[in-house]
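Below are the chains, spelled out letter by letter.
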Amino acid sequence: MKVLVAVKRVVDFNVKVRVKADHSGVDLANVKMAMNPFCEIAVEEAVRLKEQGIASEVVVVSVGPATAQEQLRTALALGADRAVLVETADELSALAVAKLLKAVAEREQPQLLILGKQAIDSDNNQTGQMLAALGGYAQGTFASKVGVEGGQLLVTREIDGGLQTVALNLPAVVTTDLRLNEPRYASLPNIMKAKKKPLESTTAEALGVSTASSITVLKVEAPASRSAGIKVKSVAELVEKLKNEAKVI
Ligand code: AMP
């Protein structure tokens, strides 16, 4: 089975983001970028399926600037076979990304498409679901376990109050939750080998996809800073403050 994995280049999760002075977005100048953590889990799952002899080829795809090649090379070092970059300088909506991923999937014909459940920059949690809808694929979102049985994919999903297992006909979209696996680190020899693995660049125009969006970002603001807390000496004082100062009881 061929597996297509979507990886997004995002601000590294350790970085404290700064909003641009004109409130048009987050300042990315000289900021450390990395692969979205949920995409790392997606790559790991695909590589494990290959190691188990279930996946025949793992192709990674990213939509983003030329620098997203770094994240694709990381995915290749982690065990993916081939990479495709859909190069764009624009910040695209989840729907535009889903359309581009669908176009790549039509060309690649994977049986399984693995995405992260959400990108930690936009927090959309939309792309996998939109891709499944556009491509007519079955979908198993928030996966904490994936297995193959009798030509179907068994996906255990993390839902409110427990776990749900669904059987999906292929081709299918799976989005990864945190507990699906623990991604490995790339070894130095594999980082060197990844430099020679194929990485193809394409564009939305070449794929025949319009990325025009019907959503406009009006303003980006940093969360309001919280005022410092205080320590109370007794329960009576706490109750008094909740009643008379906070007025919540
Ligand atoms: P989102 O719907 O934006 O929260 O993203 C969910 C998942 O969709 C990510 O974890 C990726 O697997 C995929 N995805 C979103 N944006 C991109 C992108 N620009 N390039 C590749 N994959 C993406």
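Described below are features of the structure shown in this document. Source: prediction; values computed, not measured.

## Thoughts on unusual backbone geometry
Here comes step 1: At the junction of Leu-170 and Pro-171, the peptide bond is cis and its omega measures out at 0° in the coordinates.
Here comes step 2: Positionally, Pro-171 belongs in the loop between strand 9 (162-169) and strand 10 (172-176).
Here comes step 3: One non-glycine residue with positive phi stands out, namely Asn-125, at about 55°.
Here comes step 4: Of note, Asn-125 is situated in the loop between strand 6 (112-116) and helix 4 (127-135).
Here comes step 5: Judged by its relative accessible area of 26%, Asn-125 is partly exposed.
Here comes step 6: Of note, the phi angle at Lys-247 is positive, near 55°, even though the residue is not glycine.
Here comes step 7: When you line up the elements, Lys-247 lands in the segment after helix 7 (235-244).
Here comes step 8: Accessibility expressed as a relative area gives 63% for Lys-247, which makes it exposed.

## Focus on the site of the ligand
Here comes step 1: What surrounds the ligand is a group of 18 residues, the closest being Val-63, Ala-119, Asn-125, Gln-126 and Thr-127.
Here comes step 2: Between the ligand and Val-63 there is a distance of 2.7 Å, counted from a nitrogen atom to a backbone nitrogen or oxygen.
Here comes step 3: The side chain of Thr-127 places a nitrogen or oxygen atom 2.7 Å from an oxygen atom of the ligand.
Here comes step 4: A total of 480 Å² of accessible area belongs to the ligand in isolation, and the protein chains cover 97% of it.
Here comes step 5: Elements that contribute at least two residues to the shell around the ligand include exactly strand 4 (57-64) and strand 6.
Here comes step 6: Sorting elements by how many residues they give to the shell around the ligand places strand 4 first, with 3 residues.

## So, the packing of helix 3 (residues 94-108) against helix 4
Here comes step 1: Closest axis-to-axis distance for the helix 3/helix 4 pair is 8 Å, and the angle between their directions is 50°. Regarding the angle of helix 3 to helix 4, the classification is oblique. The handedness of the crossing between helix 3 and helix 4 is right-handed. Contacts from Ala-94, Leu-95, Val-97, Ala-98, Lys-99, Leu-101 and Lys-102 of helix 3 reach helix 4 at Thr-127, Met-130, Leu-131, Leu-134 and Gly-135.
Here comes step 2: Taken together, the residues of the contact of helix 3 with helix 4 break down into 8 nonpolar, 2 polar and 2 charged.

## Topic: the sheet that holds strand 9
Here comes step 1: Here we have 9 strands laid out as an open sheet, ordered 9-8-7-10-6-1-4-5-11, and mixed in their pairing. Two strands close off the open sheet at either side, each with one partner strand: strand 9 and strand 11 (199-202). Averaged over all neighbouring strand pairs, the angle between strand axes comes to 30°, with direction disregarded.
Here comes step 2: Summarising the sheet, strand 1 (residues 2-6) and strand 6 pair through 3 bridges and their orientation is parallel. If you follow Val-5 over to strand 6, its bridge partner there is Ile-114.
Here comes step 3: Its contacts with the sheet put helix 3 on strand 1, strand 4, strand 5 (82-87), strand 6 and strand 11, and the angle it makes with strand 4 is roughly 150°.
Here comes step 4: Across the sheet, helix 4 is in contact with strand 6, strand 7 (138-149) and strand 10; its angle to strand 7 comes to roughly 75°.

Definitions and limits used
- The written sequence of each chain sets the order in which its residues are numbered from 1.
- Confidence filtering applies because this is a predicted model: local features only for residues at pLDDT of at least 70, side-chain atom pairs given and counted only at 80 or more, and all residues used for totals across whole chains, interfaces and linings.
- In computing side-chain values, all of the structure's heavy atoms are included and hydrogens and water are not.
- Strands here are runs of E lasting at least two residues and helices are runs of H or I lasting at least four, both read from the DSSP assignment and numbered beginning at the N terminus.
- A 1.4 Å probe rolled over the protein chains alone gives each residue an accessible area, and that area as a share of the maximum for its type sets the label: buried under 20%, exposed over 50%, partly exposed in between.
- Any residue with at least one heavy atom within 4 Å of a molecule or strand is counted as near it.
- N or O atoms within 3.5 Å of each other form a polar contact, as long as, within protein, one can give a hydrogen and the other can take it, and as long as residues adjacent in sequence are counted only when both atoms are side-chain atoms.
- For accessible areas, the Shrake-Rupley method is used with a probe of radius 1.4 Å. Any residue's cover is judged against the shown protein chains and nothing else.
- In this analysis an axis means a line fitted to C-alpha atoms, helices contributing only their contacting stretch, and an angle means the value between N-to-C directions, from 0 to 180 degrees.
- For classification purposes, an angle smaller than 35 degrees is called roughly parallel, one larger than 145 roughly antiparallel, one from 65 to 115 roughly perpendicular, and anything else oblique.
- By convention the crossing between two helices is left-handed if the near helix lies anticlockwise of the far one by an angle smaller than a right angle, and right-handed if it lies clockwise.
- Should any heavy atoms of two residues lie within 4.5 Å, those residues are considered in contact.
- Polar here means any residue other than Ala, Val, Leu, Ile, Met, Phe, Trp, Tyr, Cys and Pro, which are nonpolar, and Asp, Glu, Lys and Arg, which are charged; Gly is therefore polar.
- Strand pairing is defined by DSSP finding a minimum of two bridges between the two strands.

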